[in-house]
Amino acid sequence: MKNANQELLEEKAAVDPLAKEILDSQAEYLKTARVWTNISDQAYLDSLDHSANWG
């Protein structure tokens, strides 16, 4: 399903400049957001490790 969706998005971006601009912008945002999500998730997991040592 993911591959089919990606294919459709690429087809739309190839014929519609606005769609390409939007999709490029979303892809760039996701790269940045994923970095911060990973940092946040790791901080949470680290806090669980530390709290387990208190008990």
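Everything numeric here is computed off the predicted structure, so don't read it as measured data.

(A) Fine view of a nonpolar patch on the surface. A surface patch of nonpolar side chains, about 330 Å² in accessible area, is lined by Val35, Trp36 and Ile39. Summarising the element assignment, Trp36 is placed in helix 2 (residues 17-52).

(B) Examining the environment of Glu21 more closely. Among the structural elements, Glu21 can be located in helix 2. According to the relative accessible area criterion, Glu21 is exposed, its value standing at 56%. Taking the C-alpha atoms as reference points, Glu21 and Glu10, separated by 11 residues in sequence, lie 12 Å from one another.

(C) Expanded view of the pattern of salt bridges. Scanning the model with the defined rule gives 3 salt bridges in all. One salt bridge connects Lys12 with Asp16, and the closest N-O pair in it is separated by 3.9 Å. In this structure, Lys20 and Asp24 form a salt bridge, with 2.8 Å as the shortest nitrogen-oxygen distance. Linking Lys20 with Asp24, this pair stays in helix 2, spanning 4 residues, or about one helical turn. Given a relative accessible area of 41%, Lys20 falls into the partly exposed group.

Thresholds applied
Residues numbered from 1 in each chain as written. Predicted model: local features only at pLDDT ≥ 70, side-chain atom pairs only at ≥ 80, totals over all residues. Heavy atoms only, no water. Patch = residues over 30% accessible without salt bridge, like charges linked within 9 Å, V, L, I, M, F, W, Y side chains within 5 Å. Areas by Shrake-Rupley, 256 points an atom, 1.4 Å probe, with all protein chains shown as cover. Salt bridge = Lys/Arg side-chain N within 4 Å of Asp/Glu carboxyl O. Helix = DSSP H or I, 4+ residues; strand = E, 2+ residues; numbered from the N terminus. Buried < 20%, exposed > 50% of the residue type's maximum accessible area, 1.4 Å probe, protein only.

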